[in-house]
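# Commentary on secondary and tertiary structure
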Amino acid sequence: MLDKKKVVVGMSGGVDSTVAAYKLKELGYEVIGINMKLWKEEKFEDEQFENDGGCCSLSSVNDARRVCSKLDIPFYVVNFKEIFKKKVVDYFVDDYQNGRTPNPCIACNKFIKFDALLRKAHELGAYYVATGHYAKIEYDNNINRYLVKKSNEDKKDQTYAIYNLTQEQLKHTLMPLGDFNSKDDVRKIANSFDFSMSKKKDSQEICFVPDDDYSGFVERYIDKKFTKGNFIDLKGKILGKHNGIINYTIGQRKGLGITFGKPTYVIDINSKTNEITLGDNEGVFKKNLIANEFNSIYYDKIEGELEVYAKIRYSAKLTKCIISVIEEDKIKVTFMSPVRAITPGQAVVFYKGEYMIGGATIERSF
(Lines give C-alpha, C1' and ligand atoms only; values in the text may rest on other atoms or scores of the structure.)
Protein backbone atom coordinates (compact mmCIF):
# COMPACT_ATOMS: atom_id res chain seq x y z
CA MET A 1 0.00 0.00 0.00
CA LEU A 2 1.50 3.33 -1.08
CA ASP A 3 1.50 6.16 1.44
CA LYS A 4 0.36 9.52 0.01
CA LYS A 5 2.28 11.38 2.70
CA LYS A 6 5.56 9.67 1.83
CA VAL A 7 7.82 11.06 -0.92
CA VAL A 8 11.22 10.15 -2.32
CA VAL A 9 13.31 13.17 -3.36
CA GLY A 10 16.06 12.77 -5.93
CA MET A 11 18.97 14.42 -4.10
CA SER A 12 21.70 15.58 -6.48
CA GLY A 13 23.61 17.49 -3.84
CA GLY A 14 22.52 20.79 -5.37
CA VAL A 15 20.52 23.73 -4.05
CA ASP A 16 17.27 22.94 -5.86
CA SER A 17 16.81 19.33 -4.75
CA THR A 18 17.85 20.29 -1.22
CA VAL A 19 15.20 23.00 -0.95
CA ALA A 20 12.62 20.69 -2.55
CA ALA A 21 13.22 18.20 0.27
CA TYR A 22 13.09 20.98 2.88
CA LYS A 23 9.76 22.34 1.57
CA LEU A 24 8.13 18.92 1.39
CA LYS A 25 9.12 18.12 4.97
CA GLU A 26 7.77 21.52 5.98
CA LEU A 27 4.47 20.60 4.30
CA GLY A 28 4.21 17.49 6.44
CA TYR A 29 5.48 14.79 4.10
CA GLU A 30 7.63 11.90 5.24
CA VAL A 31 10.68 12.58 3.06
CA ILE A 32 13.31 10.08 1.93
CA GLY A 33 16.42 11.36 0.15
CA ILE A 34 17.93 9.25 -2.61
CA ASN A 35 21.11 10.03 -4.53
CA MET A 36 21.24 8.24 -7.87
CA LYS A 37 24.60 6.72 -8.75
CA LEU A 38 24.61 7.12 -12.52
CA TRP A 39 28.04 7.36 -14.07
CA LYS A 40 31.77 7.76 -13.58
CA GLU A 41 34.18 7.57 -16.48
CA GLU A 42 37.59 6.06 -15.73
CA LYS A 43 39.32 9.07 -17.33
CA PHE A 44 38.13 11.24 -14.45
CA GLU A 45 38.54 8.87 -11.50
CA ASP A 46 41.63 10.60 -10.13
CA GLU A 47 40.96 14.10 -11.43
CA GLN A 48 39.23 17.23 -10.19
CA PHE A 49 35.90 15.81 -11.37
CA GLU A 50 35.59 13.93 -8.07
CA ASN A 51 35.33 17.23 -6.25
CA ASP A 52 33.89 19.60 -8.82
CA GLY A 53 30.33 19.52 -7.53
CA GLY A 54 28.74 17.95 -10.63
CA CYS A 55 25.78 15.72 -9.87
CA CYS A 56 27.80 12.54 -10.56
CA SER A 57 30.74 13.57 -8.36
CA LEU A 58 31.75 12.26 -4.96
CA SER A 59 31.46 15.73 -3.43
CA SER A 60 27.81 15.95 -4.49
CA VAL A 61 27.02 12.60 -2.87
CA ASN A 62 28.63 13.90 0.33
CA ASP A 63 26.70 17.18 0.07
CA ALA A 64 23.43 15.29 -0.35
CA ARG A 65 24.22 13.06 2.64
CA ARG A 66 25.12 16.10 4.77
CA VAL A 67 21.93 18.06 4.07
CA CYS A 68 19.75 14.99 4.59
CA SER A 69 21.37 14.63 8.00
CA LYS A 70 20.62 18.29 8.76
CA LEU A 71 17.02 17.83 7.60
CA ASP A 72 16.80 14.66 9.68
CA ILE A 73 15.58 12.52 6.80
CA PRO A 74 16.82 9.08 5.65
CA PHE A 75 19.43 9.07 2.87
CA TYR A 76 20.26 6.30 0.44
CA VAL A 77 22.50 5.94 -2.60
CA VAL A 78 20.92 3.81 -5.35
CA ASN A 79 22.85 2.37 -8.30
CA PHE A 80 21.16 3.18 -11.60
CA LYS A 81 24.33 2.89 -13.68
CA GLU A 82 23.10 0.07 -15.94
CA ILE A 83 19.84 1.71 -16.99
CA PHE A 84 21.53 5.12 -17.25
CA LYS A 85 24.12 3.68 -19.63
CA LYS A 86 21.46 2.03 -21.79
CA LYS A 87 18.82 4.75 -21.88
CA VAL A 88 20.90 7.93 -21.65
CA VAL A 89 24.56 7.43 -22.56
CA ASP A 90 24.07 4.90 -25.39
CA TYR A 91 21.32 7.07 -26.86
CA PHE A 92 23.55 10.15 -26.58
CA VAL A 93 26.41 8.42 -28.40
CA ASP A 94 24.17 6.90 -31.10
CA ASP A 95 22.58 10.25 -31.90
CA TYR A 96 25.91 12.00 -32.29
CA GLN A 97 27.18 9.23 -34.54
CA ASN A 98 24.13 9.75 -36.74
CA GLY A 99 24.63 13.50 -37.14
CA ARG A 100 22.00 14.47 -34.60
CA THR A 101 22.28 16.64 -31.49
CA PRO A 102 20.75 14.75 -28.54
CA ASN A 103 19.32 16.08 -25.29
CA PRO A 104 20.39 13.60 -22.58
CA CYS A 105 18.70 15.54 -19.77
CA ILE A 106 15.31 14.89 -21.35
CA ALA A 107 16.13 11.20 -21.68
CA CYS A 108 17.28 11.11 -18.06
CA ASN A 109 14.00 12.64 -16.91
CA LYS A 110 11.97 10.14 -18.91
CA PHE A 111 13.80 6.94 -18.01
CA ILE A 112 15.63 7.66 -14.76
CA LYS A 113 14.12 10.38 -12.56
CA PHE A 114 10.47 9.72 -13.34
CA ASP A 115 10.64 6.01 -14.11
CA ALA A 116 13.46 4.12 -12.36
CA LEU A 117 13.42 6.46 -9.35
CA LEU A 118 9.61 6.37 -9.19
CA ARG A 119 9.66 2.57 -9.15
CA LYS A 120 12.21 2.68 -6.33
CA ALA A 121 9.94 5.11 -4.45
CA HIS A 122 7.04 2.67 -4.78
CA GLU A 123 9.25 -0.14 -3.46
CA LEU A 124 9.81 2.00 -0.36
CA GLY A 125 6.07 2.55 0.02
CA ALA A 126 6.17 6.18 -1.16
CA TYR A 127 3.33 7.42 -3.37
CA TYR A 128 5.37 10.30 -4.76
CA VAL A 129 8.73 11.11 -6.25
CA ALA A 130 9.93 14.73 -6.18
CA THR A 131 12.69 16.72 -7.87
CA GLY A 132 14.07 20.24 -7.88
CA HIS A 133 12.54 21.10 -11.27
CA TYR A 134 11.04 24.55 -11.74
CA ALA A 135 7.57 23.56 -12.96
CA LYS A 136 4.06 22.99 -11.61
CA ILE A 137 1.84 19.93 -11.82
CA GLU A 138 -1.90 20.24 -11.32
CA TYR A 139 -4.99 18.13 -11.92
CA ASP A 140 -7.87 19.46 -14.03
CA ASN A 141 -11.18 17.91 -13.00
CA ASN A 142 -12.93 19.16 -16.13
CA ILE A 143 -10.76 17.16 -18.52
CA ASN A 144 -9.60 14.51 -16.02
CA ARG A 145 -5.92 15.01 -16.78
CA TYR A 146 -2.75 15.99 -14.98
CA LEU A 147 -1.30 19.15 -16.51
CA VAL A 148 2.11 20.80 -16.48
CA LYS A 149 2.23 24.54 -15.89
CA LYS A 150 5.13 26.97 -16.20
CA SER A 151 7.11 27.92 -13.12
CA ASN A 152 6.57 31.30 -11.46
CA GLU A 153 10.25 32.00 -12.24
CA ASP A 154 10.18 32.21 -16.05
CA LYS A 155 13.96 32.33 -16.46
CA LYS A 156 14.33 29.06 -14.54
CA ASP A 157 11.27 27.31 -16.01
CA GLN A 158 12.09 23.69 -16.85
CA THR A 159 8.83 22.48 -18.38
CA TYR A 160 10.68 22.03 -21.69
CA ALA A 161 12.69 19.14 -20.21
CA ILE A 162 9.70 17.17 -18.88
CA TYR A 163 7.42 17.15 -21.93
CA ASN A 164 7.49 13.37 -22.26
CA LEU A 165 6.09 12.46 -18.84
CA THR A 166 3.03 10.22 -18.84
CA GLN A 167 -0.21 10.79 -16.95
CA GLU A 168 0.76 8.01 -14.54
CA GLN A 169 4.15 9.62 -13.87
CA LEU A 170 2.62 13.06 -13.36
CA LYS A 171 0.10 11.55 -10.93
CA HIS A 172 2.97 10.44 -8.70
CA THR A 173 5.24 13.50 -9.03
CA LEU A 174 5.69 16.61 -6.88
CA MET A 175 7.64 19.71 -7.93
CA PRO A 176 7.64 22.12 -4.99
CA LEU A 177 9.92 24.74 -6.58
CA GLY A 178 7.38 25.78 -9.22
CA ASP A 179 5.80 28.33 -6.87
CA PHE A 180 9.05 30.19 -6.14
CA ASN A 181 9.37 33.60 -7.78
CA SER A 182 13.17 33.54 -8.10
CA LYS A 183 16.25 31.39 -7.58
CA ASP A 184 17.35 33.94 -4.96
CA ASP A 185 14.33 32.95 -2.86
CA VAL A 186 15.40 29.30 -3.13
CA ARG A 187 18.96 30.14 -2.07
CA LYS A 188 17.66 32.13 0.92
CA ILE A 189 15.92 29.02 2.23
CA ALA A 190 19.05 26.93 1.67
CA ASN A 191 21.08 29.57 3.50
CA SER A 192 18.81 29.30 6.53
CA PHE A 193 20.13 25.82 7.32
CA ASP A 194 23.24 25.25 5.16
CA PHE A 195 25.34 28.26 4.18
CA SER A 196 27.78 26.38 1.90
CA MET A 197 24.91 24.75 0.01
CA SER A 198 23.25 28.10 -0.62
CA LYS A 199 26.39 29.35 -2.41
CA LYS A 200 26.77 26.31 -4.64
CA LYS A 201 26.80 27.10 -8.37
CA ASP A 202 24.24 25.63 -10.77
CA SER A 203 25.56 22.77 -12.87
CA GLN A 204 25.80 23.71 -16.55
CA GLU A 205 27.45 20.78 -18.29
CA ILE A 206 26.12 17.31 -19.05
CA CYS A 207 26.84 15.31 -15.90
CA PHE A 208 28.67 12.45 -17.60
CA VAL A 209 30.81 14.79 -19.76
CA PRO A 210 32.40 16.94 -17.02
CA ASP A 211 35.02 18.48 -19.31
CA ASP A 212 32.33 19.54 -21.83
CA ASP A 213 34.20 17.71 -24.63
CA TYR A 214 31.30 15.81 -26.23
CA SER A 215 33.25 14.60 -29.26
CA GLY A 216 36.11 13.37 -27.07
CA PHE A 217 33.66 11.49 -24.86
CA VAL A 218 31.96 9.78 -27.81
CA GLU A 219 35.28 8.79 -29.40
CA ARG A 220 36.48 7.30 -26.12
CA TYR A 221 33.18 5.52 -25.64
CA ILE A 222 33.17 3.80 -29.04
CA ASP A 223 36.98 3.65 -29.21
CA LYS A 224 37.32 5.20 -32.66
CA LYS A 225 38.08 8.52 -34.28
CA PHE A 226 35.57 10.16 -36.58
CA THR A 227 36.94 10.50 -40.09
CA LYS A 228 37.20 13.73 -41.99
CA GLY A 229 34.72 14.41 -44.77
CA ASN A 230 33.62 17.08 -47.19
CA PHE A 231 32.08 20.45 -46.56
CA ILE A 232 29.72 21.09 -49.47
CA ASP A 233 27.47 23.95 -50.55
CA LEU A 234 23.76 23.70 -51.32
CA LYS A 235 24.55 22.60 -54.89
CA GLY A 236 26.89 19.83 -53.75
CA LYS A 237 30.13 21.60 -54.60
CA ILE A 238 33.04 20.58 -52.35
CA LEU A 239 34.26 23.50 -50.25
CA GLY A 240 36.86 21.83 -48.04
CA LYS A 241 37.29 19.22 -45.32
CA HIS A 242 35.59 18.90 -41.93
CA ASN A 243 37.08 17.16 -38.89
CA GLY A 244 34.29 14.62 -38.32
CA ILE A 245 30.52 15.22 -38.15
CA ILE A 246 30.46 14.85 -34.37
CA ASN A 247 32.18 18.24 -34.02
CA TYR A 248 29.35 20.21 -35.63
CA THR A 249 25.73 21.14 -35.10
CA ILE A 250 23.04 22.93 -37.13
CA GLY A 251 23.48 26.71 -37.17
CA GLN A 252 27.13 26.58 -36.09
CA ARG A 253 29.37 29.35 -37.41
CA LYS A 254 32.51 29.33 -35.25
CA GLY A 255 35.06 26.54 -35.25
CA LEU A 256 34.45 25.38 -38.82
CA GLY A 257 38.13 25.56 -39.64
CA ILE A 258 37.37 27.11 -43.02
CA THR A 259 36.81 30.72 -44.12
CA PHE A 260 35.00 32.24 -47.08
CA GLY A 261 35.31 35.95 -46.41
CA LYS A 262 31.69 36.03 -45.22
CA PRO A 263 29.68 34.44 -42.38
CA THR A 264 29.07 30.75 -43.15
CA TYR A 265 26.90 28.33 -41.19
CA VAL A 266 26.16 24.61 -40.90
CA ILE A 267 22.91 23.97 -42.76
CA ASP A 268 22.77 20.17 -42.75
CA ILE A 269 24.71 17.13 -41.48
CA ASN A 270 24.56 13.89 -43.47
CA SER A 271 26.00 10.97 -41.50
CA LYS A 272 25.50 8.52 -44.37
CA THR A 273 27.70 10.45 -46.80
CA ASN A 274 29.83 12.05 -44.07
CA GLU A 275 29.09 15.47 -45.59
CA ILE A 276 28.26 18.79 -43.98
CA THR A 277 26.36 21.39 -45.98
CA LEU A 278 27.34 25.02 -45.45
CA GLY A 279 25.48 28.17 -46.44
CA ASP A 280 24.57 31.69 -45.40
CA ASN A 281 22.45 32.65 -42.41
CA GLU A 282 19.23 32.64 -44.44
CA GLY A 283 19.66 28.93 -45.08
CA VAL A 284 19.60 28.21 -41.34
CA PHE A 285 15.99 29.43 -41.06
CA LYS A 286 13.14 26.96 -41.75
CA LYS A 287 9.36 27.09 -41.38
CA ASN A 288 8.49 23.40 -41.11
CA LEU A 289 9.64 20.35 -39.20
CA ILE A 290 8.70 16.72 -38.76
CA ALA A 291 8.96 15.27 -35.26
CA ASN A 292 8.39 11.80 -33.84
CA GLU A 293 7.67 10.20 -30.46
CA PHE A 294 5.03 12.87 -29.85
CA ASN A 295 3.70 12.96 -26.29
CA SER A 296 0.55 14.92 -25.50
CA ILE A 297 -0.06 16.00 -21.92
CA TYR A 298 -2.87 18.56 -22.18
CA TYR A 299 -4.96 16.66 -24.75
CA ASP A 300 -5.88 13.00 -24.78
CA LYS A 301 -5.77 13.14 -28.57
CA ILE A 302 -5.16 15.84 -31.18
CA GLU A 303 -7.34 15.78 -34.27
CA GLY A 304 -6.99 18.08 -37.25
CA GLU A 305 -4.83 21.17 -36.74
CA LEU A 306 -3.95 22.85 -33.47
CA GLU A 307 -2.57 26.39 -33.16
CA VAL A 308 -0.09 26.74 -30.28
CA TYR A 309 3.32 28.20 -29.44
CA ALA A 310 6.53 26.17 -29.59
CA LYS A 311 10.20 26.32 -28.73
CA ILE A 312 12.84 24.15 -30.44
CA ARG A 313 15.41 24.29 -27.65
CA TYR A 314 15.41 25.11 -23.95
CA SER A 315 16.60 28.70 -24.39
CA ALA A 316 14.59 29.48 -27.55
CA LYS A 317 11.79 32.03 -27.75
CA LEU A 318 8.23 30.82 -28.21
CA THR A 319 6.98 30.98 -31.81
CA LYS A 320 3.40 30.56 -32.99
CA CYS A 321 2.83 27.41 -35.04
CA ILE A 322 0.31 24.85 -36.21
CA ILE A 323 0.56 21.17 -35.24
CA SER A 324 -0.95 18.46 -37.39
CA VAL A 325 -0.72 14.75 -36.63
CA ILE A 326 0.72 12.66 -39.46
CA GLU A 327 0.77 9.26 -37.77
CA GLU A 328 0.09 8.00 -34.27
CA ASP A 329 3.21 9.58 -32.75
CA LYS A 330 4.52 11.68 -35.65
CA ILE A 331 3.62 15.32 -36.24
CA LYS A 332 4.23 18.13 -38.67
CA VAL A 333 4.86 21.60 -37.26
CA THR A 334 4.45 24.73 -39.40
CA PHE A 335 5.73 27.97 -37.90
CA MET A 336 4.12 31.32 -38.69
CA SER A 337 7.58 32.78 -39.16
CA PRO A 338 10.91 31.05 -39.96
CA VAL A 339 12.82 29.61 -37.00
CA ARG A 340 16.61 29.48 -36.76
CA ALA A 341 18.61 26.27 -36.49
CA ILE A 342 15.94 23.58 -36.13
CA THR A 343 18.14 20.70 -35.02
CA PRO A 344 17.41 16.97 -35.45
CA GLY A 345 17.62 15.18 -32.11
CA GLN A 346 16.46 18.16 -30.08
CA ALA A 347 12.95 18.51 -28.70
CA VAL A 348 10.15 20.72 -29.98
CA VAL A 349 7.87 21.55 -27.05
CA PHE A 350 4.44 23.19 -27.23
CA TYR A 351 2.68 25.72 -25.03
CA LYS A 352 -0.83 27.09 -24.62
CA GLY A 353 -0.75 30.09 -22.32
CA GLU A 354 0.93 29.01 -19.09
CA TYR A 355 0.56 25.32 -19.87
CA MET A 356 3.08 23.05 -21.53
CA ILE A 357 0.92 20.77 -23.65
CA GLY A 358 3.45 18.23 -24.93
CA GLY A 359 6.37 17.75 -27.28
CA ALA A 360 8.30 15.51 -29.64
CA THR A 361 11.79 14.76 -30.98
CA ILE A 362 12.78 16.70 -34.10
CA GLU A 363 13.43 14.41 -37.07
CA ARG A 364 14.03 16.90 -39.88
CA SER A 365 13.19 20.42 -41.05
CA PHE A 366 12.35 22.00 -44.38
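A word on the pattern of salt bridges. Scanning the entire structure with this criterion turns up 13 salt bridges. A salt bridge links Asp95 to Arg100; the nearest nitrogen and oxygen atoms lie 3.2 Å apart. Both residues of the pair, Asp95 and Arg100, count as buried.

The next thing to look at is the confidence of the model for the protein. Scored by pLDDT, the protein comes out at a mean of 93, with 95% of its residues at no less than 70. Scored below 50 in pLDDT, residues 46-53 shows 19 contacts in the model against residues more than four places distant or in partner chains.

Attention now goes to helix α8 (residues 214-222). Ser215, Gly216, Phe217, Val218 and Glu219 are the residues of α8 that are buried. As for α8, its buried residues are in contact with α3 (81-97). Just downstream of α8 lies Asp223, where phi reads positive at about 55°.

Membership of the largest hydrophobic core comes to 61 residues, with the highest contact counts inside it found for Phe84, Phe92, Phe208 and Phe217. If you list the elements that add at least two residues to this core, you get β2 (30-37), α3, α4 (104-123), β4 (126-130), α8, β10 (265-270), β11 (275-279) and β16 (347-352). Val7, Tyr127, Tyr128 and Ala190 belong to the second-largest nonpolar core, a separate cluster that totals 28 residues.

Our next topic: the sheet that holds β2. Spatially, β3-β2-β1-β4-β7 is the arrangement adopted by the 5 strands of the open sheet, whose pairing is parallel. Because the sheet does not close on itself, it has two edges, and the strands there are β3 (75-79) and β7 (173-174). Pairing analysis gives 2 bridges linking β4 to β7, with the strands arranged parallel. When the sheet's bridge partners are listed, Val129 is paired in β7 with Thr173. Most of the contacts of α4 go to β4, to which it runs at about 150°, and overall it touches β1 (3-10), β2, β3, β4 and β7.

The full count for this structure, using the stated rule, is 0 disulfides. Between Cys108, a free cysteine, and Cys207, which holds the nearest cysteine sulfur, the sulfur-to-sulfur gap is 6.4 Å. Of the residues examined, Cys108 reaches a relative accessible area of 8% and is grouped as buried.

A bend of about 30° at Asp90 is the largest found in α3. Restricting attention to buried positions, one finds in α3 the residues Phe84, Val88, Val89, Phe92, Val93, Asp95 and Tyr96. At the exit of α3 stands Gly99, carrying a positive phi of roughly 75°.

Here we have 4 strands laid out as an open sheet, ordered β9-β8-β11-β10, and mixed in their pairing. Taken across any chain shown, the strands that pair with only one partner, and hence form the sheet edges, are β9 (238-242) and β10. Averaged over all adjacent pairs, the angle separating strand axes in this sheet is 30°, with direction ignored. By the bridge criterion, 5 bridges tie β10 to β11 in an arrangement that is antiparallel. The residue bridging Tyr265 from the neighbouring strand is Gly279, located in β11.

Let us look at the environment of Ser296. With respect to the helices, strands and loops of the structure, Ser296 is situated in strand β12 (residues 285-296). Here Ser296 falls in the buried class, since its relative accessible area comes to 16%. Sequence spacing of Ser296 and Tyr163 is 133 residues, and the spatial spacing of their C-alpha atoms is 8.1 Å. Non-local contacts of Ser296, meaning those with residues more than four positions away in its chain, are made with Arg145, Ile302, Ile357 and Gly358. One polar contact links the side chain of Ser296 to the main-chain carbonyl oxygen of Tyr299, over a distance of 2.6 Å.

Each value, and the rule that gives it
Residues numbered from 1 in each chain as written. Predicted model: local features only at pLDDT ≥ 70, side-chain atom pairs only at ≥ 80, totals over all residues. Heavy atoms only, no water. Salt bridge = Lys/Arg side-chain N within 4 Å of Asp/Glu carboxyl O. Buried < 20%, exposed > 50% of the residue type's maximum accessible area, 1.4 Å probe, protein only. pLDDT = per-residue confidence, 0-100. Contact = heavy atoms within 4.5 Å. Helix = DSSP H or I, 4+ residues; strand = E, 2+ residues; numbered from the N terminus. Core = buried A, V, L, I, M, F, W, Y, C linked by side-chain atoms within 4.5 Å. Pairing = 2+ DSSP bridges. Axes fitted to C-alpha atoms, helices over the stretch in contact; angles between N-to-C directions. Disulfide = S-S within 2.5 Å. Bend = angle between axes of the 7 residues up to and from the residue. Polar contact = N/O pair within 3.5 Å; in protein donor to acceptor, adjacent residues only side chain to side chain.

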